[in-house]
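Geometric and topological summary
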Amino acid sequence: MTQTSEAAAVEETRSPGGFRIHRAWFVAAVTFVTIIGAAAFRSLPGLLIDPLHQDFGWSRGTIGAAVSVNLALYGLTAPFAAALMDRFGIRRVVAVALTVIAVGSGLTVWMTAAWQLMLYWGLLVGLGSGSMALAFAATVTNRWFTERRGLVTGILTAASASGQLIFLPLLSWMVEKHDWRPAAITVALAALAVVPFVWLLLRDHPADVGLKPYGATEFVPKPEPVPGAARRAVTVLFKAARTGPFWLLAGTFAICGASTNGLVQTHFVPAAHDHGMPVTAAASLLAVIGVFDVVGTIASGWFTDRFDPRRLLAVYYALRGISLLFLPMLLAPSVHPPMLFFIVFYGLDWVATVPPTVALCREQYGEDSAIVFGWVLASHQVGAALIAFLGGVARDVFGTYDMVWYASGALCAAAALMALVIRRRPAVPAPAPGLATA
């Protein structure tokens, strides 16, 4: 970027009255909109299970396996994507990821065999979505902010829930009224529509526009690109794997993924439909979860800036486990007050675990925290993938999802105990933004 354009960018942060709005907040806003637009592909899998079963005769276990591949790659790609962002920049990685998502989702309308679902939705959309995972939000947060990191992490995490709120009712209406193919095309177009925003408005580093990170006292030069992204991601993994906190964080986050993306997001709609609830009503309840998820996640970010993140995680997992144990008794053909209470309660807790988990990664692993969180997120998605698959198999075998709800509730209780035994470390100096941060 030229000196002229840098100066112009700095001026963009000043209002006519002289009041300055730091450019970091504009970058956070673009990131928020990007994640909302990309959230369409996160909303669709649970709506596809019954239509694909009816159209092609595929078992729910087969469809669940494709969703599992998607969820697993969503997590396993994240640490490599974080390293690639250090090598090639955020804009390039995210723009390519959105394009891959659009291609994968668009190709599903022509599929005729289950292996094509695995390839298009499982592999392509999984790889693309993995590069748009929470590591993206964490990387933006750590590069552009030294203050308010917990709050910004909560806001950006809530963007996914906001996208779910926007897209779930629309996609469920399309699936019910017009077939699942228009919904898949909508996902592809939503991903493509976000690409220009990313390319034109997102910036990789505060130094690109001649600014200090928000809250920083000194200007931080943009570091040189970090080569060997894959090697570095694996090296950081082996280094972190020699520490106890990594396994505790990975274990709790695996249970988090199992009880949210893998279970509720994938199987809540078909489970409610099993009890006679219309698909649109069940999808609307998931959208309401998204409403309260926004509130809960932002509040969790605020709490994380002020309270022990271990205790926050223990409370979140314990409450989630209790709510799951009650869910089988609440499913019915119509929506009633106890179910609404569950939806509100679960929504507040949905991804409230992310800000304290990011904070603990930052506390434990310093400048490697971005990639470490990427691996912790991988465990989140592996847990989600296992439950997405096993939930479908359980439904095929037992004719009900009840056993899966109860098992997930017990796992959440275990996660609460695991969070409490994570050892705290003395605060480490904030890493230089842009250096392998998340």
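As the structure is a computational prediction, the values presented were derived from the model and not from experiment.

Helix and strand counts for the protein stand at 19 helices and zero strands. The burial tally for the protein puts 59% of its 438 residues in the buried class. Element-wise, carbon and sulfur atoms account for 69% of the exposed surface of the protein, whose accessible area totals about 16900 Å².

Under the criterion given, the structure shown has eleven aromatic pairs. Taking the centre distance of 4.3 Å and the plane angle of 10° together, the rings of F56 and W58 count as stacked. Residue classification places W58 among the buried positions, given a relative accessible area of 11%. Where W302 meets F303, the ring centres are 5.6 Å apart and the plane angle is 70°; that geometry is what we call edge-to-face. We classify F303 as partly exposed; its relative accessible area is 31%. Every member of this aromatic cluster is reached through a ring pair, and the members are F56, W58 and W180. Its end group placed over the ring of W199, R91 keeps NZ or CZ at 4.8 Å from the ring centre.

Within the structure shown, the criterion is met by zero disulfides. Looking at C256, it has no disulfide partner, and the nearest cysteine sulfur is the one in C412, 8.1 Å off.

Per the counting criterion, the structure on display carries six salt bridges. For R395, the salt bridge goes to D274, with nearest N and O atoms at 2.6 Å. Here D274 lies in helix α13 (residues 244-274) and R395 lies in helix α18 (residues 369-398), a separation of 121 residues in the sequence. With a relative accessible area of 16%, R395 lands in the buried category. Its relative accessible area of 35% is what places D274 among the partly exposed residues.

Turning next to the nonpolar core. Core analysis: the largest hydrophobic core is formed by 86 residues, its most contacted members being L44, L47, V264, F268, M339 and W405. Take this core: its biggest share by element is twelve residues, from α13. Among the nonpolar cores identified, the runner-up in size contains 32 residues, and A24, M85, A95 and I101 belong to it.

What follows concerns the environment of L313. Within the fold, L313 resides in helix α15 (residues 309-330). When its relative accessible area of 0% is taken as the criterion, L313 is described as buried. Residues contacting L313, with those up to four places away along its chain left out, are T353, P356, T357, L360 and A419.

Averaged over every residue, the pLDDT of the protein is 79; residues scoring 70 or more account for 87%. Taken as a whole, residues 428-438 scores under 50 in pLDDT and shows 40 contacts with residues more than four places along the chain or in a different chain.

It is worth spelling out the environment of L285 at this point. With respect to the helices and strands, the residue L285 is situated in helix α14 (residues 279-304). For the pair L285 and L168, spaced 117 residues apart in the sequence, the C-alpha separation amounts to 9.4 Å. With near-sequence residues (within four places) excluded, L285 lies in contact with F268, M277, V335, M339, L340 and I343.

Glycine aside, a negative phi is what most residues show, and trans is what most peptide bonds show. Despite not being glycine, D179 has its phi angle at roughly 90°, a positive value. Mapped onto the elements of the fold, D179 is located in the loop between α10 (149-178) and α11 (180-201).

So, about the packing of α13 against α15. Two elements in contact, α13 and α15, have axes whose closest approach is 12 Å; the angle formed by their N-to-C orientations is 35°. As α13 packs across α15, the resulting crossing turns out to be left-handed. Here α13 contributes T252, F253, C256, S259, T260, L263, V264 and F268 to the contact with α15, which in turn contributes Y317, R320, L324 and L327. Looking at side-chain class alone, the contact of α13 with α15 contains eight nonpolar, three polar and one charged residues.

This part is about the side chain of D293. With respect to the secondary-structure elements, D293 resides in helix α14. Side chain to side chain, D293 and T297 meet in a polar contact 2.7 Å long.

Position of S323 among the secondary structure elements: in helix α15. When neighbours within four sequence positions are excluded, S323 is seen to be in contact with F342, F345 and Y346.

Below, the discussion takes up the packing of helix α7 (residues 90-107) against helix α8 (residues 114-131). The packing of two helices is summarised by the inter-axis angle and the distance between the axes. Where α7 meets α8, the axes come as close as 8 Å, and the angle between the chain directions of the two elements is 160°. In terms of their interaxial angle, α7 and α8 are classed as roughly antiparallel. As for the relative orientation of α7 and α8, their crossing is left-handed in sense. Packed against α7, whose contacting residues are V93, A97, V100, I101, V103, G104, S105 and L107, the element α8 presents Y120, W121, L124, V125, G128, S129 and S131 at the interface.

Thresholds, definitions, all that
Residues numbered from 1 in each chain as written. Predicted model: local features only at pLDDT ≥ 70, side-chain atom pairs only at ≥ 80, totals over all residues. Heavy atoms only, no water. Helix = DSSP H or I, 4+ residues; strand = E, 2+ residues; numbered from the N terminus. Buried < 20%, exposed > 50% of the residue type's maximum accessible area, 1.4 Å probe, protein only. Areas by Shrake-Rupley, 256 points an atom, 1.4 Å probe, with all protein chains shown as cover. Phe/Tyr/Trp six-rings, centres within 6.5 Å; stacked < 30°, edge-to-face > 60°. Lys NZ or Arg CZ within 6 Å of the ring centre and 35° of its normal. Disulfide = S-S within 2.5 Å. Salt bridge = Lys/Arg side-chain N within 4 Å of Asp/Glu carboxyl O. Core = buried A, V, L, I, M, F, W, Y, C linked by side-chain atoms within 4.5 Å. Contact = heavy atoms within 4.5 Å. pLDDT = per-residue confidence, 0-100. Axes fitted to C-alpha atoms, helices over the stretch in contact; angles between N-to-C directions. Left-handed = near helix turned anticlockwise from the far one by under 90°. Nonpolar A, V, L, I, M, F, W, Y, C, P; charged D, E, K, R; others polar. Polar contact = N/O pair within 3.5 Å; in protein donor to acceptor, adjacent residues only side chain to side chain. Parallel < 35°, antiparallel > 145°, perpendicular 65-115°, else oblique.

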